[in-house]
Amino acid sequence: MRNDWETPPTVEGLVVRAWIGEDGQPDVLHVQGVDVADDIGNLDRAIGDPDNPDPNRPFVLIGKAGTIARHGYTDPEKLIGKRCLIYSGGRFDSVAIEPETGEHWGLVVWCEYV
């Protein structure tokens, strides 16, 4: 497990489902929480009470159409099972998805929930 990040992520998780938005539809990721901070910030739970601290309940992240594709992902199946780091808070949530190769974690920026 990584412990070298400057700012610890709100959630370290695993992508369990992904929908890449087409024709203006939003991009959606369901993330299974592995490690959850005390304050989950903007993150919404996919199931049950949003205040439930159970880390095994998946988070749902919703972003603008094309956000995932702009970062090189056009096949949702390639995202399933990837680790991701979620930084929640402020106006945007940042999601760093595990890279295909190398050690660089590219960031995908998601819109804040309404």
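Residues numbered from 1 in each chain as written. Predicted model: local features only at pLDDT ≥ 70, side-chain atom pairs only at ≥ 80, totals over all residues. Heavy atoms only, no water.

Here the chain averages 77 in pLDDT, while 72% of its residues score no lower than 70. Taken element by element, the predicted model of the chain shows its lowest mean pLDDT in strand β3 (residues 44–45) (64) and its highest in helix α1 (residues 67–70) (89). (pLDDT = per-residue confidence, 0-100. Helix = DSSP H or I, 4+ residues; strand = E, 2+ residues; numbered from the N terminus.)

For the rest of this paragraph, the subject is the nonpolar core. The biggest cluster of nonpolar side chains holds 18 residues, and the ones touching the most others in it are Leu29, Leu61, Leu79, Ile86 and Ile97. Going through the elements one at a time, β1 (11–19), β2 (27–36), β4 (58–63), β5 (83–87), β6 (92–97) and β7 (107–111) are the ones with two or more residues in this core. In terms of residues, this core owes the most to one element, β1, which gives 3 residues. When residues no more than four places from it in sequence are discounted, the contact partners of leucine 79 are Val15, Ala18, Leu29, Ile68, Tyr73 and Ile97. (Core = buried A, V, L, I, M, F, W, Y, C linked by side-chain atoms within 4.5 Å. Buried < 20%, exposed > 50% of the residue type's maximum accessible area, 1.4 Å probe, protein only. Contact = heavy atoms within 4.5 Å.)

Next up on the list: the side chain of glutamate 12. Examined against the element boundaries, glutamate 12 turns out to sit in strand β1. Separated by 2.6 Å, the side chains of glutamate 12 and arginine 83 make a polar contact. (Polar contact = N/O pair within 3.5 Å; in protein donor to acceptor, adjacent residues only side chain to side chain.)

Moving on to the pattern of salt bridges. Under the criterion given, the structure shown has 3 salt bridges. Between glutamate 12 and arginine 83 there is a salt bridge, and its shortest N-O distance comes to 2.6 Å. You can see glutamate 12 sitting in strand β1 and its partner arginine 83 sitting in strand β5, a full 71 residues away along the chain. The partner of arginine 83 in a salt bridge is glutamate 98, and the shortest N-O contact between them spans 3.8 Å. Of this pair, arginine 83 sits in strand β5 while glutamate 98 sits in the loop between β6 and β7, placing them 15 residues apart in sequence. Salt bridges here are not isolated pairs; linked through shared partners, they connect Glu12, Arg83 and Glu98. (Salt bridge = Lys/Arg side-chain N within 4 Å of Asp/Glu carboxyl O.)

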